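Breakdown of the fold
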Protein chains: 2
Amino acid sequence: MNINYIPGGVCAPQGFTAAGIHCGLRKNKNKMDLAMIFSEKPCAAAVVSTKNKIKSGSLLQTLENLSGNTAQAVICNSVNANVYNSGSLDNAKRICSRTAAELLLEPSDVIVASTGVIGQDMNTEVILNSIPVLASSLSGSGSPDAARAIQTTDITLKEYAVEFMAGGVKQRIGAIAKGAGMIHPNMATMLCFITTDADIEVSALQKALTCACDITFNMISVDGDSSTNDMVSIMANGESGGTCLTVDSEDYRTFLHALVKVTRYLARAIAADGEGATRLLECTVIGAPGSTVAKSAARAVISSNLLKSAMFGSDANWGRVLMALGNSEGCFNTDRISISFKSAAGSIDVCENGTGKIFDETKAYEILREKEIKIIVDLQDGTHRATAWGCDLTYEYVKINGEYRS
Amino acid sequence: MNINYIPGGVCAPQGFTAAGIHCGLRKNKNKMDLAMIFSEKPCAAAVVSTKNKIKSGSLLQTLENLSGNTAQAVICNSVNANVYNSGSLDNAKRICSRTAAELLLEPSDVIVASTGVIGQDMNTEVILNSIPVLASSLSGSGSPDAARAIQTTDITLKEYAVEFMAGGVKQRIGAIAKGAGMIHPNMATMLCFITTDADIEVSALQKALTCACDITFNMISVDGDSSTNDMVSIMANGESGGTCLTVDSEDYRTFLHALVKVTRYLARAIAADGEGATRLLECTVIGAPGSTVAKSAARAVISSNLLKSAMFGSDANWGRVLMALGNSEGCFNTDRISISFKSAAGSIDVCENGTGKIFDETKAYEILREKEIKIIVDLQDGTHRATAWGCDLTYEYVKINGEYRS
């Protein structure tokens with residue numbers, strides 16, 4: 001199964017264009033704040049969204065729009081979260097209507113998203129007035145601009161695309177994403193807009209998206225906080241031709257693997273670019289009695305503030321891995337746990353079969369000074385495994401979030 | 001109901017003595033590392049302990065010892081957590097035996113506790129050899145030494161005692177506590193040893209302790225991490241005389257109130273002295289449809305890293321209160337929430353009936369610069385309420401925990 005990286009982001013799949021502009025919501029004129037993605041043809045569409053009980057008007061409107069399982073455009077601002085302000089749902093409806101009018105679609109074919117500060121009245125007029133300019137900026141090379149325009153405190157640009165054979169033809173999946181803060185397992189965790197020229201039944205599309213999110217975006221944590229706005233959407237326009245993929249197609253697995261490759265790349269990029277992060281943490285739990293136990297154990301480790309602080313200090317304080325495992329949900333034998341740290345600088349076993357090992361602290365420090373740290377936990381209580389990604393907790397995280405609104 | 005503060009800590013109740021020494025586990029000779037509390041008479045005893053699946057040998061041994069519901073002494077070291085090291089349970093047994101031999105008790109009448117680094121072999125001999133000196137240091141003025149000797153990264157001394165009338169006589173409850181890191185709701189959260197000269201049935205004692213922990217220690221969070229070692233114990237020696245209290249006694253409520261006064265004082269002190277903290281945060285949720293909903297909402301607010309960082313920066317970013325409420329467990333109407341901030345510098349409404357308010361940012365900043373910040377949330381969806389305590393997230397927390405073992 002060949003699934004290869006290609007450039008182009010959300011515009012890599014045929015028939016998609018994108019754009020990002022500075023519409024004026026953000027004071028800094030050098031930072032874009034409004035993005036659009038457009039498909040020439042109608043798309044099958046699916047969405048996965050936040051588990052937060054409080055949802056922005058934008059997300060609620062998108063969930064209503066996608067009840068028909070079709071979409072043709074995405075519009076997203078990155079300044080105002082459009083939640084707990086006056087008329088948030090109405091704001092979202094107006095943005096959908098104006099976008100639809102400009103692009104000659106139905107308003108229900110627009111995916112509307114927002115991120116930024118909560119509870120502030122939104123200057124919706126500024127967005128509405130910018131939609132013609134934004135639409136006229138749409139181009140096949142617009143993915144990086146769109147990717148920049150959906151970001152808040154991100155540092156790295158997050159876009160990715162792959163090409164693969166399915167349904168007898170070459171197909172492509174592309175995506176842009178926004179992460180940085182309020183990133184936590186078990187919800188959509190951030191914004192990610194995915195495009196594909198695959199021809200795929202909507203039920204298969206939703207199933208693939210849910211599955212891919214479950215093992216990638218839902219396995220990352222930056223700070224344990226889940227946003228009111230976050231969503232992952234996918235639009236499939238069928239432009240690649242080929243046989244229509246269904247859940248039973250032989251090539252459905254290929255499509256799913258390609259989608260997971262895209263979402264895993266972006267999930268890791270989001271974790272590595274967590275607010276203030278200096279290190280990417282990857283925890284793999286093996287030997288678990290069930291996959292839910294494995295997942296919750298891996299997530300508990302990369303979510304612990306104490307462990308995240310220790311990793312910032314390159315301190316092999318594996319007792320904090322143990323403590324986090326003990327706090328995770330699910331039952332497993334706690335007497336036989338083994339723990340290792342691994343990076344480009346080597347690998348070191350620090351706990352074996354339930355007892356701490358005497359280890360070379362200098363070597364451990366060298367290993368933990370690298371940019372990517374792997375924490376391997378063997379519960380020795382079964383055959384299931386899971387991987388989760390996070391980042392260290394740093395002075396800079398506190399600084400960024402002590403001053404976010406300023 | 002008069003419940004008045006008195007000095008003396010764990011030695012305030014009649015018949016209790018305490019001591020703290022430097023036994024040598026800790027390199028720094030100026031910092032004590034081993035504490036003892038002793039009652040001349042046998043005591044009814046109860047314990048509440050961590051929900052972490054992984055428990056230290058000390059805690060496991062204490063749980064076994066207290067199955068008989070009696071105790072007469074506490075011994076605790078603050079350097080080695082005695083978990084996931086070789087022979088942790090055996091270490092605990094040996095410490096109980098030596099303590100018992102020295103104090104002429106049964107080993108099962110010893111409460112053994114430990115805190116410190118996980119997974120390191122313990123120099124148990126050093127502890128055993130120090131027990132005679134420790135026992136000979138016991139005195140009626142030893143509470144501050146014992147309080148210091150159980151602490152790791154705490155800055156403030158945590159002891160408290162009260163006096164009240166119950167069962168026809170004056171009774172006293174005293175306690176010492178250790179907090180600082182790995183503090184999180186829904187487990188014992190830290191070490192706290194409570195003494196009382198009340199005469200009280202063991203079932204009433206356990207019920208009162210569980211109830212008091214539930215609304216005080218289980219409502220604080222410093223970093224969302226639960227330790228493998230933590231416990232709250234109480235010993236009641238009946239020295240005050242008076243009628244024996246039972247759950248049905250009229251004065252049981254007085255005893256419970258006095259106990260809650262002690263545990264609430266110490267819970268707040270632990271939150272205020274959270275690792276690196278500069279501010280005590282108190283979140284009160286009112287108007288909740290149930291008490292579990294109220295508790296989980298209040299805890300979610302004071303547990304959010306994003307909110308804790310905003311409070312460090314004195315930033316009235318109430319959207320993070322809202323986000324945390326939305327992530328809490330339990331169902332409530334999310335459309336009518338009101339939020340206010342309050343401190344010694346005044347009070348300000350920032351969100352009312354589900355919509356953000358325009359407020360004076362300078363005034364908000366003045367309010368949030370104080371050392372104690374109250375966050376008041378009205379869900380307007382019922383009559384239940386709960387309060388939780390936490391602290392801000394600071395550079396110092398990251399610094400302390402990046403270097404803890406060094």
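Residues numbered from 1 in each chain as written. Chains lettered and ligands numbered in written order. Predicted model: local features only at pLDDT ≥ 70, side-chain atom pairs only at ≥ 80, totals over all residues. Heavy atoms only, no water.

Each helix and strand counted, chain A has eleven helices and 16 strands in total. Scaling as 2.2 N^0.38, a compact globule of 406 residues should have a C-alpha radius of gyration of about 22 Å, and chain A matches this with 22 Å. For chain A, the spread of C-alpha atoms along the three principal axes comes to 70 × 55 × 35 Å. Counting the 406 residues in chain A, one finds 61% classified as buried. Within the structure as shown, chain A displays about 14,000 Å² of accessible surface, and the carbon and sulfur contribution to it stands at 49%. Averaging the coordinates of the 36 positive side-chain charges in chain A and doing the same for the 42 negative ones gives two points 3 Å apart. (Helix = DSSP H or I, 4+ residues; strand = E, 2+ residues; numbered from the N terminus. Rg over C-alpha atoms; globule rule 2.2 N^0.38 Å. Buried < 20%, exposed > 50% of the residue type's maximum accessible area, 1.4 Å probe, protein only. Areas by Shrake-Rupley, 256 points an atom, 1.4 Å probe, with all protein chains shown as cover. Lys, Arg positive; Asp, Glu negative; His and termini not counted. Charge placed at Lys NZ, Arg CZ, Asp CG, Glu CD.)

Moving on, we come to the nonpolar core. One finds Phe-255 and Phe-341 of chain A together with Phe-255 and Phe-341 of chain B to be the most contacted residues of the largest nonpolar core, which totals 174 residues. Excluding residues that lie within four positions of it along the chain, Phe-255 of chain B makes contacts with Phe-164, Gln-171, Ile-173, Thr-196, Ala-198, Ile-200, Leu-205, Ala-208, Ile-234 and Leu-245 of chain B. (Core = buried A, V, L, I, M, F, W, Y, C linked by side-chain atoms within 4.5 Å. Contact = heavy atoms within 4.5 Å.)

Once that is clear, we can look at the interface of chain B and chain A. Each side of the interface is counted separately: chain B has 58 residues, and chain A has 58 residues. Summed over both partners, the interface of chain B with chain A buries about 4,700 Å², with 55% contributed by carbon and sulfur atoms. Put simply, chain B and chain A have zero salt bridges between them. Counting the contacts that link chain B with chain A gives 17 residue pairs in polar contact (both at pLDDT 80 or more). If you list the elements that add at least two residues to the side of chain B that touches chain A, you get helix H8 (305-312), helix H9 (319-327), strand E14 (355-356) and helix H11 (395-402) of chain B. Broken down by class, the residue content of the side of chain B that touches chain A amounts to 21 nonpolar, 24 polar and 13 charged. (Buried area = accessible area lost by both parts, 1.4 Å probe. Salt bridge = Lys/Arg side-chain N within 4 Å of Asp/Glu carboxyl O. Polar contact = N/O pair within 3.5 Å; in protein donor to acceptor, adjacent residues only side chain to side chain. Nonpolar A, V, L, I, M, F, W, Y, C, P; charged D, E, K, R; others polar.)

The operation relating chain B to chain A is a screw motion whose rotation component is 180°, with 0.0 Å of axial translation and a residual RMSD of 0.0 Å. Classification of the inter-copy transformation places it as that of a two-fold axis. No C-alpha of chain B lies nearer the rotation axis than that of Tyr-395 of chain B, which sits 2.4 Å from it. A share of 100% of interface residues in chain B that are also interface residues in chain A marks the association as one of identical surfaces. (Least-squares fit on C-alpha atoms with pLDDT ≥ 70 in both.)

The subject of this paragraph is the sheet that holds strand E9 (residues 220-221) of chain B. All names here are of chain B. Sheet architecture is open: seven strands sit in the order E9-E16-E11-E15-E12-E13-E14, paired in mixed fashion. Of all strands in the sheet, those with a lone pairing partner are E9 and E14, marking the two edges. Of the pairings in the sheet, the one linking strand E13 (residues 346-352) to E14 comprises two bridges and is antiparallel in character. For Glu-352, the partnering residue across the bridge sits in E14 and is Thr-355. Contacting E9, strand E11 (280-288), strand E15 (372-378) and strand E16 (384-391), helix H6 (residues 252-272) runs over the sheet at an angle of about 45° to E16. (Pairing = 2+ DSSP bridges. Axes fitted to C-alpha atoms, helices over the stretch in contact; angles between N-to-C directions.)

In this section: a nonpolar patch on the surface. There is a patch of nonpolar side chains on the surface, built from Leu-60, Leu-63 and Leu-89 of chain A and spanning about 210 Å² of accessible area. As for its position among the elements, Leu-63 of chain A is in helix H1 (residues 57-65). (Patch = residues over 30% accessible without salt bridge, like charges linked within 9 Å, V, L, I, M, F, W, Y side chains within 5 Å.)

With that settled, consider the packing of aromatic side chains. Residues and elements named next belong to chain A. Throughout the structure, instances matching the rule amount to seven aromatic pairs over all chains. Residues Tyr-160 and Tyr-265 carry aromatic rings whose centres are separated by 3.8 Å and whose planes lie at 15° to one another, so their mutual orientation is stacked. Here Tyr-160 is found in strand E6 (residues 159-166), whereas its partner Tyr-265 is found in helix H6 (residues 252-272), with 105 residues between them in sequence. Each member of the aromatic cluster is reached from another via a ring pair, and the members are Tyr-5, Tyr-160 and Tyr-265. (Phe/Tyr/Trp six-rings, centres within 6.5 Å; stacked < 30°, edge-to-face > 60°.)

Turning our eyes to something else, we now look at unusual backbone geometry. For Asn-353 of chain A, which is not a glycine, the phi torsion comes out positive at approximately 50°. Residue position: Asn-353 of chain A is located in the loop between strand E13 (346-352) and strand E14 (355-356). Of note in this structure, Gln-380 of chain B is not a glycine but carries a positive phi near 50°. Turning to its location among the elements, Gln-380 of chain B is positioned in the loop between E15 and E16.

Let's shift gears to the confidence of the model for chain A. All names here are of chain A. Here chain A averages 90 in pLDDT, while 95% of its residues score no lower than 70. In the model, residues 182-189 has pLDDT below 50 throughout and makes 53 contacts with residues more than four positions away in sequence or in other chains. Here the complex is predicted with pTM 0.80, and the ipTM for its interfaces comes to 0.72. (pLDDT = per-residue confidence, 0-100.)

On to the environment of Ala-147 of chain A, then. Residues and elements named next belong to chain A. Within the secondary structure, Ala-147 sits in helix H4 (residues 143-149). Its relative accessible area of 0% is what places Ala-147 among the buried residues. Here the alpha-carbon distance between Ala-147 and Ile-176, two residues 29 residues apart in the chain, equals 5.4 Å. Discounting residues that sit within four places of it in the chain, Ala-147 has contacts with Leu-157, Lys-158 and Ile-176.

Below, the discussion takes up the pairing of strand E5 (residues 110-114) of chain A. As a general feature of sheets, a regular strand has side chains that alternate between the two faces. Residues and elements named next belong to chain A. The buried fraction of E5 is high, at five of five residues. Side-chain alternation along E5 places Val-110, Val-112 and Ser-114 on one buried face and Ile-111 and Ala-113 on a second face that is also buried. Bridge analysis of strand E4 (residues 70-77) against E5 gives five bridges, and the strand direction is parallel. If you follow Val-74 over to E5, its bridge partner there is Ile-111.

Another point: the sheet that holds strand E11 (residues 280-288) of chain A. Pairing between the strands of a sheet is mediated by backbone hydrogen bonds and can be parallel or antiparallel. All names here are of chain A. Strand order in the open sheet formed by seven strands is E9-E16-E11-E15-E12-E13-E14, with mixed pairing between adjacent strands. Strands at the two margins of the open sheet, each flanked by one partner only, are strand E9 (220-221) and E14. Its contacts with the sheet place helix H7 (residues 291-303) against E9, E11, strand E15 (372-378) and strand E16 (384-391), and it is angled at close to 20° to E16.

Counted at 1.5 Å a residue, the expected span for helix H7 (residues 291-303) of chain B with its 13 residues is 18 Å, and the 18 Å between its end C-alpha atoms agrees. Looking at the buried positions of H7 of chain B, the neighbouring elements they touch are E9, E11, H8, H9, E15 and E16 of chain B. (Expected span 1.5 Å × (residues − 1).)

Turning to the pairing of strand E10 (residues 231-236) of chain A, a few remarks are in order. All names here are of chain A. Here E10 lies mainly inside the structure; six of its six residues are buried. Going residue by residue along E10, you find Met-231, Ser-233 and Met-235 tucked away on one face and Val-232, Ile-234 and Ala-236 tucked away on the opposite face as well. Two strands pair when backbone bridges link them, and strand E3 (residues 34-49) and E10 are joined in this way by six bridges, in the antiparallel orientation. When the bridges of E10 are listed, Ala-45 appears paired with Met-235. Relative to E10, strand E8 (residues 191-196) runs parallel, the two sharing six bridges.

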